[in-house]
Amino acid sequence: MADGDDRQATFGSDGSLETETTPDATGENDYGEEKGPNETDGGYSRYVVSSLLQKAVRRSDEEVAAWAAWELARSGYAWNLWDRLNLYVVEDLRAGDEVALLIERYEELATERWEPDAWKGRLCAIHAALAAARARSTREASNADAYFSAVAEIRAEARERGEEPAHDFPVGDLEPDGRFDAVFDGHTGEGSKRGRGTRFFKTHGARVGPEGEDEQSARWQRLAMLLDEDVEYDAAELDRAVEPVDSEDPWESPESTGDDSEPDDPGDDGAEDDDPEVDGTGSLTDFAE
């Protein structure tokens, strides 16, 4: 149960469900009968209506979701409604969906500015339910949690037997020089011991996703590196710093270790040096582009 349910329902010593109905949820139902514990105005169990709301959101059934939210709000169970809607944001909707902010705002209006069971409060409830139902539904977070938890048990059992686990976390042992070597920069103890300071971070740890930096951001990155008084970057490092990671393998690492020692002398192959401080041509802005 969520926190809201814990406040209102407990189990007695004999295993029976003991409930404490909030004052707003008392009174008569639509038929003029005294409402029982956890009964809505329409004569339904608020637990069933709450479950219906979640399943309707998950299935993108807008009308049913709107009704369930309205029923809970008008029946005095607004606290239950908003508690559940906020849970659905993390349990049933796609990560990054802005509907989380909308629901938070609707709840604020319904509970802090207006009365949650009054007309304006009910409209907020309907709006929030519709927003949730229209958002991209997915169980990705719950599925990931269940999967990672199962793997954790398998790893622990395998270690106890002295065996390799049949299933492992996606990062494996997470050691330096492995697939995720880029994370071992100066922000970690191992990276610091390896002398992986600013140079390594700029050319490895700070690289961004397959979309890459936009033109302006890439320009600023290059200029900041060129103007760095402590580290001198060569042309290859400047390019690597703004090169997007591979969409197929975002952890593929460039060949250079990128520690804070001076870069290797590329030698004189007859080509002009691109460093404006060396050849005296061009501007920093030109070089950054």
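A short tour of the structure in this document, coming up.

## Quick look at the packing of aromatic side chains
Following the criterion strictly, the structure yields three aromatic pairs and no others. With centroids separated by 5.3 Å and ring planes inclined at 80°, the aromatic side chains of Tyr44 and Trp67 adopt a geometry described as edge-to-face. Taken as a pair, Tyr44 in the loop between β2 (17–19) and α2 (46–58) and Trp67 in helix α3 (residues 62–74) lie far apart in primary sequence, 23 residues in all. Judged by its relative accessible area of 43%, Tyr44 falls in the partly exposed class. Overall, the relative accessible area of 29% leaves Trp67 in the partly exposed class. Judged by centre distance (4.8 Å) and plane angle (65°), the ring pair of Phe180 and Trp251 falls under edge-to-face. Taken together, the residues span a long stretch of sequence, with Phe180 in the loop between α7 (140–161) and α8 (189–193) and Trp251 in the loop between α11 (235–242) and α12 (276–279) at a distance of 71 residues. Above the face of the Tyr47 ring, Arg46 is positioned so that its terminal group lies 4.2 Å from the ring centre. One cation-aromatic arrangement involves Arg199 over Tyr233; the distance from NZ or CZ to the ring centre is 5.4 Å.

## Looking at helix α6 (residues 119–134)
Given a rise of 1.5 Å per residue, 16 residues ought to cover 22 Å, and the 23 Å separating the end C-alpha atoms of α6 matches this to within 8%. All buried positions along α6 are accounted for by Gly121, Cys124, Ala125, Ala128, Ala129, Leu130, Ala131, Ala132 and Ala133. Buried residues along α6 sit in contact with α2, α3, α4 (78–91) and α5 (99–113).

## Here we look at the layout of surface pockets
Taken as a whole, the second largest pocket spans an internal volume of roughly 190 Å³. In this structure, the second largest pocket is lined by 14 residues; those nearest its centre are Ala182, His204, Val245, Pro250 and Trp251.

## Description of a negative patch on the surface
A cluster of acidic residues, Glu243, Asp246, Glu248 and Glu252, forms a negative patch at the surface. You can see Glu243 is positioned in the loop between α11 and α12.

## A look at α3
Since the α-helix turns once every 3.6 residues, residues separated by three or four places project in the same direction. In this model, α3 (13 residues) spans 18 Å end to end at C-alpha, consistent with the 18 Å of a helix rising 1.5 Å per residue. Taken residue by residue, α3 has Ala65, Ala66, Ala68, Ala69, Glu71, Leu72, Ala73 and Arg74 as its buried positions. Lining the buried residues of α3 we find α2, α4 and α6. At the C-terminal side of α3, Gly76 shows a positive phi close to 90°.

## Overview of the nonpolar core
Grouped together as the largest cluster of nonpolar side chains are 32 residues, with contacts concentrated most on Leu53, Leu81, Trp82, Leu85 and Ile103. Broken down by secondary-structure element, the contributors of at least two residues to this core are α2, α3, α4, α5 and α6. If we ignore the near neighbours within four places in the chain, the residues touching Ile103 are Trp82, Leu85, Asn86, Val89, Ala128 and Ala132. The next biggest cluster of nonpolar side chains, apart from the first, holds six residues, and it includes Met225, Leu226, Tyr233 and Leu238.

## Here's the deal with the side chain of Asn38
With respect to the helices and strands, Asn38 occurs in the loop between β2 and α2. When its relative accessible area of 6% is taken as the criterion, Asn38 is described as buried. Within the structure, Asn38 has its side chain in polar contact with the side chain of Arg46 (distance 2.8 Å).

## Considerations on the packing of α2 against α3
Axis separation between α2 and α3 bottoms out at 8 Å; the angle between their running directions is 150°. Our classification of the angle between α2 and α3 gives roughly antiparallel. In the packing of α2 onto α3, the handedness of the crossing is left-handed. For the pair α2 and α3, contact is made by Arg46, Val49, Ser50, Leu52, Leu53, Ala56 and Val57 and by Val64, Ala65, Trp67, Ala68, Ala69, Glu71 and Leu72, respectively. Residues of the contact of α2 with α3, tallied by class, amount to 11 nonpolar, one polar and two charged.

About the thresholds
- Residues numbered from 1 in each chain as written.
- Predicted model: local features only at pLDDT ≥ 70, side-chain atom pairs only at ≥ 80, totals over all residues.
- Heavy atoms only, no water.
- Phe/Tyr/Trp six-rings, centres within 6.5 Å; stacked < 30°, edge-to-face > 60°.
- Helix = DSSP H or I, 4+ residues; strand = E, 2+ residues; numbered from the N terminus.
- Buried < 20%, exposed > 50% of the residue type's maximum accessible area, 1.4 Å probe, protein only.
- Lys NZ or Arg CZ within 6 Å of the ring centre and 35° of its normal.
- Expected span 1.5 Å × (residues − 1).
- Contact = heavy atoms within 4.5 Å.
- 1 Å grid on protein atoms, 1.4 Å probe; cavity = no way out; pocket = protein on both sides within 12 Å on 5 of 7 lines; lining within 4 Å.
- Points joined across faces, edges and corners; volume = space filled by probe spheres on them.
- Patch = residues over 30% accessible without salt bridge, like charges linked within 9 Å, V, L, I, M, F, W, Y side chains within 5 Å.
- Areas by Shrake-Rupley, 256 points an atom, 1.4 Å probe, with all protein chains shown as cover.
- Salt bridge = Lys/Arg side-chain N within 4 Å of Asp/Glu carboxyl O.
- Lys, Arg positive; Asp, Glu negative; His and termini not counted.
- Charge placed at Lys NZ, Arg CZ, Asp CG, Glu CD.
- Core = buried A, V, L, I, M, F, W, Y, C linked by side-chain atoms within 4.5 Å.
- Polar contact = N/O pair within 3.5 Å; in protein donor to acceptor, adjacent residues only side chain to side chain.
- Axes fitted to C-alpha atoms, helices over the stretch in contact; angles between N-to-C directions.
- Parallel < 35°, antiparallel > 145°, perpendicular 65-115°, else oblique.
- Left-handed = near helix turned anticlockwise from the far one by under 90°.
- Nonpolar A, V, L, I, M, F, W, Y, C, P; charged D, E, K, R; others polar.

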